[in-house]
Amino acid sequence: LHGFGIHDFRITCESGTFDRRDGVKDSNTFSSLRCAMNTVGFSDDEIMRILLVISGLLHMSNLSFLESSGDSVTVNESNSLECILNIFGVDKKSLTNALCKVRLTLGSEVVTKNLSLDSSE
């Protein structure tokens, strides 16, 4: 999680679901999960890749967007943004294009349209 904890992610912090009321320790369930993944045949490398994707998604919940020139939107700079770029191996421009634009096929022509700030979030 690159130095982040459960309280640092919007998706977990705002949901209020990280406080266990049943007395079960997350470290125990995580160990059980890893054991189950090994049992069904996931290699250690596959498990690590799955956990990296989960980490990336947690960081993506922290992204925010800014209106930039004209009708375009861009991804706001943050510590989570740097983690996402590293985890998924993409650059900021590619991520911004994927999250802030949509490609439309109109007949035989492909048009790229900027999403609004509301649509990007």
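Preceding this paragraph is the structure being described.
What you see is a predicted model; the values in this text were computed from it and never measured.

What counts as what
- Residues numbered from 1 in each chain as written.
- Predicted model: local features only at pLDDT ≥ 70, side-chain atom pairs only at ≥ 80, totals over all residues.
- Heavy atoms only, no water.
- Helix = DSSP H or I, 4+ residues; strand = E, 2+ residues; numbered from the N terminus.
- Rg over C-alpha atoms; globule rule 2.2 N^0.38 Å.
- Buried < 20%, exposed > 50% of the residue type's maximum accessible area, 1.4 Å probe, protein only.
- Expected span 1.5 Å × (residues − 1).
- Salt bridge = Lys/Arg side-chain N within 4 Å of Asp/Glu carboxyl O.
- Core = buried A, V, L, I, M, F, W, Y, C linked by side-chain atoms within 4.5 Å.
- Arc of directions from axis to C-beta.
- Patch = residues over 30% accessible without salt bridge, like charges linked within 9 Å, V, L, I, M, F, W, Y side chains within 5 Å.
- Areas by Shrake-Rupley, 256 points an atom, 1.4 Å probe, with all protein chains shown as cover.
- Contact = heavy atoms within 4.5 Å.
- Pairing = 2+ DSSP bridges.

Caption draft 1: Looking closely at the overall build of the protein. Along its length, the protein carries six helices and four strands. Its helices and strands taken in sequence order, the protein reads α-α-α-β-β-α-α-β-β-α from the N to the C terminus. Here the protein has a C-alpha radius of gyration of 18 Å; the compact-globule value for 121 residues is 14 Å, and the former is much larger. With respect to the three principal axes, the spread of C-alpha positions in the protein is 50 × 30 × 25 Å. In the protein, which comprises 121 residues, the proportion classed as buried is 23%.

Caption draft 2: Region of interest: helix α2 (residues 26-39). Over its 14 residues, α2 runs 20 Å from end to end, which matches the ideal 20 Å to within 8%, given 1.5 Å per residue. Of the residues trailing α2, Gly41 is marked for its positive phi of about 105°.

Caption draft 3: Layout of the pattern of salt bridges. Evaluation of the coordinates by the stated rule reveals two salt bridges. In this structure, Asp45 and Arg49 form a salt bridge, with 2.9 Å as the shortest nitrogen-oxygen distance. One end of the pair, Asp45, and the other, Arg49, are both in helix α3 (residues 44-60), four residues apart, so they sit about a helical turn from each other. Between Lys92 and Glu77 there is a salt bridge; the shortest N-O distance is 2.6 Å. In this pair, Lys92 is assigned in helix α5 (residues 92-100) and Glu77 in the loop between β2 (73-75) and α4 (79-88), connecting sequence segments 15 residues apart. Look at Glu77 and you get partly exposed, because its relative accessible area is 47%.

Caption draft 4: Fine view of the nonpolar core. By size, the foremost hydrophobic cluster in this structure holds nine residues: Leu63, Phe65, Val73, Val75, Leu81, Ile84, Leu85, Leu95 and Cys100. Going through the elements one at a time, β2, α4 and α5 are the ones with two or more residues in this core. Tallying contributions element by element places α4 first for this core, with three residues.

Caption draft 5: How the structure looks around α5. Of the residues making up α5, those classed as buried are Leu95, Thr96 and Cys100. Each buried residue of α5 lies within a common arc of 105° when the element is viewed along its axis, so the set occupies one face.

Caption draft 6: Spatial organisation of a nonpolar patch on the surface. There is a patch of nonpolar side chains on the surface, built from Val40, Phe42, Ile50 and Ile54 and spanning about 330 Å² of accessible area. Mapped onto the elements of the fold, Ile50 is located in helix α3. For Ile50, a relative accessible area of 32% puts it in the partly exposed group.

Caption draft 7: Region of the structure containing the environment of Leu58. Considering the arrangement of structural elements, one finds Leu58 in helix α3. Sequence separation between Leu58 and Arg103 is 45 residues, and the spatial gap between their C-alpha atoms is 26 Å. Excluding anything up to four places from it in sequence, Leu58 contacts Leu1, Phe9, Ile11 and Thr12.

Caption draft 8: Layout of the pairing of strand β3 (residues 101-106). With zero of its six residues buried, β3 lies for the most part at the surface. With six bridges connecting them, β3 and strand β4 (residues 109-114) associate as antiparallel partners. Counterpart to Leu104 in the pairing with β4 is Val111. From the end of β3 to the start of β4, which pair antiparallel, there are two residues, and Gly107 there has a positive phi angle of about 70°.

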